[in-house]
Amino acid sequence: MIEVLVISISNPLLLGIYKNKELIKELEIEGMTSDVLPVTFEKIINEYEISRISYVNTPGSYMAIKVAYVFLKTLAITKNIELMACSGFEFNNNSPIKALGKKYFINSDEGIKVDFLDKDTKIADFKLPKQLKQIDFSEETLPIYNLPAV
């Protein structure tokens, strides 16, 4: 079974291709999600028979999440591919994720909050996992924005 994992909330965009839950190909793509996702998936679809696509639907850049969702949902429907979603905290060791201005999304026992960081806080880069077995994927694929209305 071939699966594709998309992390569009980071720059560069990270894309992993997995066979039987094991990473077989890793792509780091510079550019805007709306520009690079269609071109990249055209190549992937021509090379692999994809069974599942998973993407990060929270938290992070609203635009990147929204563009990824619309594109991947359309692809999933038209190609009959399963679509799953998960939290970005799964791919950066639960490190804070950039929100607005100088604020960050912080995952805690009470849930996700938006706040300023302490000056000693370390921020980890996003990384594609070598295996997908331990990732908490959800069938709820709509974007989750985590910010209150302004």
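Residues numbered from 1 in each chain as written. Predicted model: local features only at pLDDT ≥ 70, side-chain atom pairs only at ≥ 80, totals over all residues. Heavy atoms only, no water.

Draft legend 1. Structural view of helix H1 (residues 33-47). Taking 1.5 Å of rise per residue, the 15 residues of H1 would be expected to cover 21 Å, and the 21 Å separating its terminal C-alpha atoms lies within 8% of that figure. Looking at the packing, one finds that the buried side of H1 touches strand E1 (2-7), strand E2 (13-19), strand E3 (22-29), strand E4 (50-58) and helix H2 (62-79). (Helix = DSSP H or I, 4+ residues; strand = E, 2+ residues; numbered from the N terminus. Expected span 1.5 Å × (residues − 1). Contact = heavy atoms within 4.5 Å.)

Draft legend 2. Representation of H2 in the model. For H2, with 18 residues, the first-to-last C-alpha span of 25 Å sits near the 26 Å given by 1.5 Å per residue. Taken together, the buried positions of H2 are occupied by Ala64, Ile65, Ala68, Tyr69, Leu72, Leu75 and Ala76. Seen end-on, H2 carries its buried residues on one side only, within an arc spanning 145 degrees. Turned more than 90 degrees from where H2 packs its buried face, Met63, Ile77 and Thr78 sit exposed. Here the buried face of H2 lies against E1, H1, E4 and strand E5 (82-87). (Buried < 20%, exposed > 50% of the residue type's maximum accessible area, 1.4 Å probe, protein only. Arc of directions from axis to C-beta.)

Draft legend 3. Unusual backbone geometry, seen in detail. That bond from Asn11 to Pro12 is cis: its omega, 10 degrees, falls within 30 degrees of zero. Structurally, Pro12 can be placed in the loop between E1 and E2. Residues other than glycine seldom take positive phi values, yet Asn20 does so here, at roughly 50 degrees. Note on placement: Asn20 falls in the loop between E2 and E3. The phi dihedral of Lys21 is positive, around 75 degrees, even though this residue is not glycine. Position of Lys21 relative to the elements: it lies in the loop between E2 and E3. Owing to a relative accessible area of 25%, Lys21 belongs among the partly exposed residues under this scheme.

Draft legend 4. Up close: the sheet that holds E3. Read from one edge to the other, the open sheet built from five strands follows the order E3-E2-E1-E4-E5, with strand pairing classed as mixed. The strands lining the two open edges of the sheet, one partner per strand, are E3 and E5. The mean angle between the axes of side-by-side strands here comes to 20 degrees, regardless of whether they run parallel or antiparallel. Taken together, the six bridges between E4 and E5 define a ladder with parallel strand orientation. Bridge pairing in E5 places Thr58 opposite Ser87. (Pairing = 2+ DSSP bridges. Axes fitted to C-alpha atoms, helices over the stretch in contact; angles between N-to-C directions.)

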